[in-house]
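# Tertiary structure, described
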Amino acid sequence: MRDELELKFKFQDDFAELVSTERPEFGELVQLGAEATKTNFAMRLSRIVWLWEHDPSRLASPNDFWVLDWRDDDMSQWLEADPANAVSQAQFEALQGSINEHPDLPDFRAYVSDNRAVSPYLELYTSFGEDTQVAREIVASCY
């Protein structure tokens, strides 16, 4: 799981660098997006660990890691379990708010959508997908 998290962090950093180089006007927004996404991924890992400690039966297959059955009562208990969880959640919400209020968001979304299948973005997405698949196969082999 940590290998996959590192891959996701690297992808976010690489994507932010690429967009910032190609379209500097989106630099601030893509950095906010990368930070929000990395915070969310880190929280997800924390939630998986928390769930593993409290109800491991809900992580009975590799698919349970990627399609996490996260419930409202889990959220409140997870937030109460460690003050750092509440801080991370607040940071994530603040970053999301900054992104949603950013005036360049519609243009940025259009740019990403238009260039998703164009080199060098395509190479970045393809490489990330291949690397992530390898990491997931390693987790699946533990079952």
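Residue positions are given per chain, counting from 1 as you read along its sequence in written order. Residue-level local features of this predicted model are given only where pLDDT is at least 70; pairs of side-chain atoms are given and counted only at 80 or more, and the full residue set underlies all totals for whole chains, interfaces and linings. Calculated side-chain values reflect all of the structure's heavy atoms, with hydrogen atoms and water omitted.

Right, let's get into the environment of Glu25. Topologically, Glu25 is positioned in the loop between helix 1 (2-22) and helix 2 (27-54). In this structure the C-alpha to C-alpha distance between Glu25 and Leu124, which are 99 residues apart in sequence, comes to 21 Å. A polar side-chain atom of Glu25 sits 2.4 Å from a polar atom in the side chain of Arg23. Where helices and strands are cited, they refer to DSSP runs of H or I of at least four residues and of E of at least two residues respectively, numbered from the N terminus. Between N or O atoms, a polar contact is any pair within 3.5 Å; within protein, one atom must be a potential hydrogen donor and the other a potential acceptor, and residues adjacent in sequence are included only when both atoms are from side chains.

The criterion for an aromatic pair is that two Phe, Tyr or Trp rings (for Trp, the six-membered ring) have centres within 6.5 Å, with stacked assigned to planes under 30 degrees apart, edge-to-face to planes over 60 apart and tilted to the rest. The tally for this structure, following the rule as stated, stands at 10 aromatic pairs. Taking 6.3 Å as the distance between ring centres and 85 degrees as the angle between the ring planes, the aromatic pair formed by Trp70 and Trp78 counts as edge-to-face. Residue classification places Trp70 among the partly exposed positions, given a relative accessible area of 23%. Between buried and exposed lies partly exposed: a residue is buried under 20% and exposed over 50% of the maximum accessible area for its type, with that area taken using a 1.4 Å probe on protein chains only. By relative accessible area, Trp78 is classed as buried at 1%. Ring pairs connect the aromatic residues Phe11, Phe15, Phe26, Phe108, Tyr111, Tyr121, Tyr125 and Phe128, which therefore count as one cluster. One residue, Arg47, lies across the ring of Trp78, its end atom 4.5 Å from the ring centre. The ring of Tyr125 carries the charged tip of Arg116 above its face, separated from the ring centre by 4.5 Å. Note on geometry: a ring has a charge over it if NZ (lysine) or CZ (arginine) is within 6 Å of the ring centre and within 35 degrees of the ring normal.

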